[in-house]
Amino acid sequence: MRLRLAFLAIPVLLAALACNPSTPSSPTPGAATPAAGETPSQTARPSPAASPSPSALTPSSTSSLCPDPQRPLLTDFEVRQTPSLAEPPARVPFRDPVFGTCLVRVTDRTADLAPDDTSAGLKNEYSRVQSFNADGSRILVRGIEATWYLYDADTLRPLGQLPFDGPVDPRWDASNPDVLYFSEETRLMAYDVRAGEQSVVHDFAADFPGQSLAAVWTHDEGSPSLDGRYWGLMAEDQDWLTAAFLVYDQQTDRVIATRDMRGAPEVDREIDSVTISPLGDYFVAFFDDYCQPGQLGSDADPCGLMVYDRDLKNGRGLLRIAGHSDLGLDAEGREVMVYQDIDTDHISILDLATGTVTPLWPIDFSHTSIGLHLSGRAFRQAGWALVSTHDGDPASYTWMDDQVFAMELKPGGRVVRLAHTHSLVDESQEHDYWAEPHASVNPDFTRVLFTTNWGRSGTGEVEMFLISLPPDWIK
């Protein structure tokens, strides 16, 4: 991984913002503040000085993004069309004209990217990944060319680029707001964004002597347990086949369980991703090899969705196939997976302990091939999940088309509609993957992030938006 030393001014920026957030010399939208002794050409993204519009965000203003009160949130199932609306300027809050929620475009692809970054746009990483740090003060943002940036979660202004790139699984520490973890080949790394220092947390090569490993990671979509103690990882060989599953206990700095996969057929070593469950009780593996209809995987013959105990024993197949999903907690605190049930065309929940599947809402594919992603990251609002949908047709045919909405995790539960995404996703356009909204939610379910191309299908020119919700909207 190559370091981008020009952007190690992040710690200086953070310190300056923390000490005097309202000084007139605070960075203008799209500009990075030079560190002491630096010229603008040495900082993250120089840009001409500009006066923000009167309604643009100022430091400490995001506690109430929109000055007017939030009107009652919509909970109906009426089909509502996306309005024709020019793309809003960055960091100027506005009300969604249909749903009345408070939105703001966070990123500005024309000003926020580093000079040598070829990314066409910026986005939140993924629906299954927490973008906010432990105290909610910073946001992790991705350039589509796998570059990484920090934004101030109060002013929503960019703080600079992080000194690593690639698909490295960056994840915030569960309690320290200054620490990000990321994967670097066989190493779990830590980066202190305030001090500008990185260190090796654990090199897993030592746990697999005699093996030549290419990577140890979750493969993009996993996260540590809620308390940050346990990591569910997979070790991949030089052919990018899974050599082993492993559970790492960061508290004791030990690999506490391994499951050797080298003797398995190649098809059983092709794994989409792995993760530990939110409470650290289960290791969850998404096999590329789906089970045959009517069949589930077993400890000896895995396929589809496999769940193991933390010691990587007692493997059992819980789903033969699953669409997009995320892990979360239901209202009783049980570990569940909310997912697209491909066999029944429903949004459903799966109890990881019992294997019980509960359908929630049907998905109507009769008009368009709706794509959807789910986020269960709001662990302080257990019993709720976030859903975002997309397709390539600007018209809406069902109540859930082209939207971000919150969903209660029980049959007949409440659905709260939050925003239209304004994103066109044409399956024939390779760059439109980046336009999938991939909406994710903060732990309190008061801030939602999503990505949109605002109708620019096929360009990769995407931006990240934020939905701000009142703290008491869930009653």
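Before reading on, note that the structure itself is shown above.
These numbers come from a predicted model, not from an experiment.

Thresholds applied
- Residues numbered from 1 in each chain as written.
- Predicted model: local features only at pLDDT ≥ 70, side-chain atom pairs only at ≥ 80, totals over all residues.
- Heavy atoms only, no water.
- Helix = DSSP H or I, 4+ residues; strand = E, 2+ residues; numbered from the N terminus.
- Buried < 20%, exposed > 50% of the residue type's maximum accessible area, 1.4 Å probe, protein only.
- Areas by Shrake-Rupley, 256 points an atom, 1.4 Å probe, with all protein chains shown as cover.
- Phe/Tyr/Trp six-rings, centres within 6.5 Å; stacked < 30°, edge-to-face > 60°.
- Lys NZ or Arg CZ within 6 Å of the ring centre and 35° of its normal.
- Salt bridge = Lys/Arg side-chain N within 4 Å of Asp/Glu carboxyl O.
- Patch = residues over 30% accessible without salt bridge, like charges linked within 9 Å, V, L, I, M, F, W, Y side chains within 5 Å.
- Lys, Arg positive; Asp, Glu negative; His and termini not counted.
- Charge placed at Lys NZ, Arg CZ, Asp CG, Glu CD.
- 1 Å grid on protein atoms, 1.4 Å probe; cavity = no way out; pocket = protein on both sides within 12 Å on 5 of 7 lines; lining within 4 Å.
- Points joined across faces, edges and corners; volume = space filled by probe spheres on them.
- Nonpolar A, V, L, I, M, F, W, Y, C, P; charged D, E, K, R; others polar.
- Polar contact = N/O pair within 3.5 Å; in protein donor to acceptor, adjacent residues only side chain to side chain.
- Contact = heavy atoms within 4.5 Å.
- Pairing = 2+ DSSP bridges.
- Axes fitted to C-alpha atoms, helices over the stretch in contact; angles between N-to-C directions.
- Disulfide = S-S within 2.5 Å.
- Core = buried A, V, L, I, M, F, W, Y, C linked by side-chain atoms within 4.5 Å.

### Comments concerning the overall build of the protein
Link 1 in the chain: When helices and strands are counted, the protein shows 1 helix and 29 strands.
Link 2 in the chain: A buried classification covers 59% of the 475 residues belonging to the protein.
Link 3 in the chain: Counting every atom, the protein has about 18300 Å² of accessible surface; 51% of that belongs to carbon and sulfur.

### Considering the packing of aromatic side chains
Link 1 in the chain: In the structure shown here, the tally under the stated rule is 18 aromatic pairs.
Link 2 in the chain: Geometrically, the ring pair formed by Phe-283 and Tyr-308 is edge-to-face, given 6.2 Å between the ring centres and 70° between the ring planes. Highlighted residues: Phe-283 in strand E16 (residues 282–287) and Tyr-308 in strand E17 (residues 305–309), separated in sequence by 25 residues. Of the two residues, Phe-283 and Tyr-308, both sit in the buried class.
Link 3 in the chain: An aromatic cluster is present here, built from Phe-77, Trp-361, Trp-399 and Phe-405 joined pairwise through their rings.
Link 4 in the chain: If you follow Arg-310 out to its NZ or CZ, it ends over the ring of Tyr-230, 4.3 Å from the centre.

### Concerning the pattern of salt bridges
Link 1 in the chain: Under the criterion given, the structure shown has 32 salt bridges.
Link 2 in the chain: Between Asp-76 and Arg-417 there is a salt bridge, and its shortest N-O distance comes to 2.8 Å. Within this pair, whereas Asp-76 is found in the loop between helix H1 (10–19) and strand E1 (94–95), its partner Arg-417 is found in strand E26 (residues 415–420), the two being separated by 341 residues in sequence.
Link 3 in the chain: Residue class for Asp-76 comes out partly exposed when judged on its relative accessible area of 23%.
Link 4 in the chain: Residue class for Arg-417 comes out buried when judged on its relative accessible area of 0%.

### So, a negative patch on the surface
Link 1 in the chain: A cluster of acidic residues, Asp-239, Glu-266, Glu-270, Asp-272 and Asp-288, forms a negative patch at the surface.
Link 2 in the chain: With respect to the secondary-structure elements, Glu-266 resides in the loop between strand E14 (254–260) and strand E15 (271–276).
Link 3 in the chain: Of the residues examined, Glu-266 reaches a relative accessible area of 51% and is grouped as exposed.

### Details of empty space enclosed by the protein
Link 1 in the chain: Throughout the structure, instances matching the rule amount to 2 cavities of 30 Å³ or more.
Link 2 in the chain: Its volume calculated, the second largest cavity comes out at about 30 Å³.
Link 3 in the chain: Along its surface, the second largest cavity is lined by Asp-169, Ser-183, Leu-188, Trp-217, Thr-218, Trp-231 and Leu-233.
Link 4 in the chain: Across the lining of the second largest cavity, the residue classes break down as 4 nonpolar, 2 polar and 1 charged.

### Observations concerning the side chain of Asp-330
Link 1 in the chain: Counting through the fold element by element, Asp-330 comes out in the loop between strand E19 (325–329) and strand E20 (335–341).
Link 2 in the chain: A distance of 3.0 Å separates the side chain of Asp-330 from the backbone nitrogen of Glu-332, its partner in a polar contact.
Link 3 in the chain: Setting aside residues no more than four positions away along its own chain, Asp-330 makes contact with Val-336, Ala-382 and Gly-383.

### Thoughts on the pairing of strand E12 (residues 230–237)
Link 1 in the chain: Taking burial as the measure, the 8 residues of E12 include 8 buried ones, the bulk of the element.
Link 2 in the chain: A two-sided burial pattern is seen for E12, the buried positions comprising Tyr-230, Gly-232, Met-234 and Glu-236 on one face and Trp-231, Leu-233, Ala-235 and Asp-237 on the other.
Link 3 in the chain: Here strand E11 (residues 213–217) runs beside E12; their pairing, made up of 4 bridges, is antiparallel. In the sheet register, Trp-217 faces E12, and the bridge partner there is Met-234.
Link 4 in the chain: For E12 and strand E13 (residues 242–249), the ladder comprises 7 bridges, and the chain directions are antiparallel. Bridge pairing in E13 links Tyr-230 to Asp-249.
Link 5 in the chain: What sits between E12 and E13 in their antiparallel hairpin is a turn of 4 residues, with Trp-240 showing a positive phi close to 60°.

### A closer look at the sheet that holds E26
Link 1 in the chain: Taken together, 4 strands build an open sheet; the order of strands is E23-E24-E25-E26 and the sheet is antiparallel. The open sheet has two free edges, formed respectively by strand E23 (371–375) and E26, since each of these has just one partner strand. Each strand of the sheet is rotated relative to its neighbour by a mean of 20°, with strand direction disregarded.
Link 2 in the chain: Direction of pairing for E23 relative to strand E24 (residues 384–390): antiparallel, over a ladder of 5 bridges. Looking at E24, one finds that Ser-375 is bridged to Leu-386.

### Quick notes on the state of the cysteines
Link 1 in the chain: Scanning the entire structure with this criterion turns up 2 disulfides.
Link 2 in the chain: In this model, Cys-291 is linked to Cys-303 through a disulfide, with the two sulfur atoms separated by 2.1 Å. Because the torsion about its S-S bond is 105°, the bridge between Cys-291 and Cys-303 counts as right-handed. Taken together, the residues Cys-291 in the loop between E16 and E17 and Cys-303 in the loop between E16 and E17 connect sequence positions 12 residues apart. Residue Cys-291 shares its accessibility class with Cys-303, and that shared class is buried.
Link 3 in the chain: Among the cysteines of the protein that take part in disulfides, numbered as they appear in the sequence, the pairing is 1-2, 3-4.

### Quick word on the nonpolar core
Link 1 in the chain: Counting 22 residues, the largest nonpolar core has Leu-386, Val-404, Leu-418, Phe-445, Val-448, Ile-467 and Trp-473 as the members making the most contacts within it.
Link 2 in the chain: Ranked by residues supplied to this core, first place goes to E26 with 3 residues.
Link 3 in the chain: Aside from chain neighbours lying at most four places away, what touches Trp-473 is Leu-73, Trp-384, Ala-406, Val-416 and Phe-445.

### Points about unusual backbone geometry
Link 1 in the chain: Backbone geometry at Arg-91 places phi at a positive 65°, although glycine is not the residue there.
Link 2 in the chain: Tracing the chain through its elements places Arg-91 in the loop between H1 and E1.
Link 3 in the chain: Even without glycine at this site, Asp-220 takes up a positive phi of about 85°.
Link 4 in the chain: Mapped onto the elements, Asp-220 comes out in the loop between E11 and E12.

That is the geometry; function is a separate question.
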